[in-house]
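Overview (structure and organization)
If you want the building blocks of each chain, they are given just below.
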Amino acid sequence: MIDLRLLREDPDVVRASQVARGDSPHLVDEVLDADARRRSALTEFENLRAEQKSHGKLVASAQGEDKQRLLAHGKQLAERVKALQADADAAEKTATELARRIGNVIEPGVPSGGEDDYVVLDHVGTPRDFAAEYGADFAVRDHLELGEGLEAIDTERGAKVSGARFYYLTGIGARLELALLNAAVDRALGAGFTPVITPTLVKPEVMAGTGFLGAHADEIYRLEADDLYLVGTSEVALAGYHSGEILDLSAGPKRYAGWSACYRREAGSYGKDTRGIIRVHQFHKVEAFCYTTVEDAAAEHQRILGWQKDMLALVELPYRVIDTAAGDLGSSAARKFDCEAWLPSQQRYLELTSTSNCTTYQARRLGVRERTADGTVRTVATLNGTLATTRWIVAFLENHQQADGSVRVPEGLRPYLGGLEVLEPTRVVR
């Protein structure tokens, strides 16, 4: 949640962040009002508690009618103390609930606006000119057609067994997903990450602590009978891993690479990317998650982006990097960069990775702190970023397709596929 001290000392910064996100700046004033009422009630409570303690000493030494009078007054003091404590608790609850509705304060330089107001920071690689390679009559196949030809993707049986937006990865499809994820883990190991297989069910307080139970709570699957949530990313479980702990970051950031199944309801996305495996309810992902100091967070954000670029280079995908606009950020992100690969069949870019600097937003909610060199304790910063996911198969197949429906395997990925240089189709789709 938002830092209340920042809110008190520099509310205009938070108001400006709210405006950039397209959210109400008046929420800042509501939080400040509730916080002021809490502090006022708490001050009055503490003063009255001190008076109550002094009064207790008088009662102990009094006799007769004086004692009875003092006892009666003591009872009144106790009732007032109890009422003030209730007022302070109620104001604190209100302030906390309101503060949780304020998104993280965006970093300087984040573009204002909504989903379409991103800024392109870089283009890497050049999309293939299939017409130049194979002739003007060549029809680019999409990933599903290619995947069915390779007997790698089966959406029909996925829908039969589980419903729309489910699928099977079979044969080379299953091997390809494992190849991408294992390549991501190897690179994470090389960068000093600890690989972790995470739980995919988490408690409500952990899901809320990461900021996922706000405006997009309808995206999450909930098991009501057990009061548990299915995660949409291992970021959630990794953020909760050190909840309530004090970390030693003197040797540098703590870095984890979480491998997990991920589940998303995709509420509100009906009719979007329904063909194939672009937007599905279940997939696998390797997610980078880092705990670091506030001062190092921006630099760590760039390092994560660099590791993502290394993975995209390994798979030889043309892509662009965008700086996501404030109105398209999740509540916990202060800044987010996306890497979007070129999708030949649709002539557009498709998000493959994102990396977010969540500054102290999640750690404050989850009580993750560090002990500094001078012995003080303060909140840490958290960051996350995709290293590989099932969706990468989409861009891989389409960008490396060949005229006969086969798919070339980039050199860097061949060791993970038993040395295969080309994936050969086993049946004709069209």
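One can find the structure itself at the top, above this paragraph.
The structure reproduced in this document is the subject of the present report. (Residues numbered from 1 in each chain as written. Predicted model: local features only at pLDDT ≥ 70, side-chain atom pairs only at ≥ 80, totals over all residues. Heavy atoms only, no water.)

1. Some points on the side chain of Arg414
- Note that Arg414 resides in the loop between β17 (407-408) and β18 (422-423).
- As a buried residue without a salt bridge, Arg414 has its nearest oppositely charged side chain in Glu421, at a separation of 4.4 Å.
- At 2.8 Å, the side chain of Arg414 and the backbone oxygen of Val409 are in polar contact.
- Other than its neighbours up to four places away in sequence, Arg414 contacts Arg408, Val409, Gly419, Leu420 and Glu421. (Helix = DSSP H or I, 4+ residues; strand = E, 2+ residues; numbered from the N terminus. Buried < 20%, exposed > 50% of the residue type's maximum accessible area, 1.4 Å probe, protein only. Lys, Arg positive; Asp, Glu negative; His and termini not counted. Salt bridge = Lys/Arg side-chain N within 4 Å of Asp/Glu carboxyl O. Polar contact = N/O pair within 3.5 Å; in protein donor to acceptor, adjacent residues only side chain to side chain. Contact = heavy atoms within 4.5 Å.)

2. Overview of the pattern of salt bridges
- Scanning all chains against the criterion turns up 23 salt bridges.
- The salt bridge involving Asp35 is made with Arg39; its shortest N-O contact spans 3.4 Å. Remark: Arg39 and Asp35 occur in helix α3 (residues 26-61); sequence separation between them is four residues, near one turn of the helix.
- For Arg39, a relative accessible area of 40% gives the class partly exposed.
- A single salt-bridge network, built from bridges that share partners, covers Arg8, Asp35, Arg38 and Arg39.

3. Structural notes on a negative patch on the surface
- A cluster of acidic residues, Glu115, Asp116, Asp117, Asp328 and Glu351, forms a negative patch at the surface.
- When you line up the elements, Asp328 lands in the loop between β11 (319-323) and β12 (335-343). (Patch = residues over 30% accessible without salt bridge, like charges linked within 9 Å, V, L, I, M, F, W, Y side chains within 5 Å. Areas by Shrake-Rupley, 256 points an atom, 1.4 Å probe, with all protein chains shown as cover. Charge placed at Lys NZ, Arg CZ, Asp CG, Glu CD.)

4. Thoughts on the sheet that holds strand β14 (residues 369-371)
- Read across the sheet, three strands follow the order β8-β14-β15 without closing on themselves; strand pairing throughout is mixed. In this open sheet, the two edge strands, each paired with only one partner strand, are β8 (246-247) and β15 (377-379). (Pairing = 2+ DSSP bridges.)

5. Examining the layout of surface pockets
- Approximately 450 Å³ is the volume found for the second largest pocket.
- When contributions to the lining of the second largest pocket are tallied by element, the ones reaching two or more residues are α1 (4-9), α12 (361-366) and β15.
- Across the lining of the second largest pocket, the residue classes tally to 10 nonpolar, four polar and five charged. (1 Å grid on protein atoms, 1.4 Å probe; cavity = no way out; pocket = protein on both sides within 12 Å on 5 of 7 lines; lining within 4 Å. Points joined across faces, edges and corners; volume = space filled by probe spheres on them. Nonpolar A, V, L, I, M, F, W, Y, C, P; charged D, E, K, R; others polar.)

6. Remarks on empty space enclosed by the protein
- Overall, the coordinates contain two cavities of 30 Å³ or more when judged by the stated rule.
- Lining the largest cavity are Ala184, Arg187, Ala188, Ala191, Phe193, Trp307, Met311 and Leu387.
- Among the elements of the structure, α8 (172-190) and α11 (297-314) are those that each provide at least two residues to the lining of the largest cavity.
- In terms of residue class, the lining of the largest cavity is made up of seven nonpolar, no polar and one charged.
- Along the walls of the second largest cavity sit Leu150, Ala152, Ile153, Leu169, Ile172, Gly173, Leu176, Ile393, Leu397 and Leu423, which together make up its complete lining.
- Every element with two or more residues in the lining of the second largest cavity is listed here: α8 and α13 (392-399).
- Per-element tally for the lining of the second largest cavity: the top contributor is α8, with three residues.
- Across the lining of the second largest cavity, the residue classes break down as nine nonpolar, one polar and no charged.

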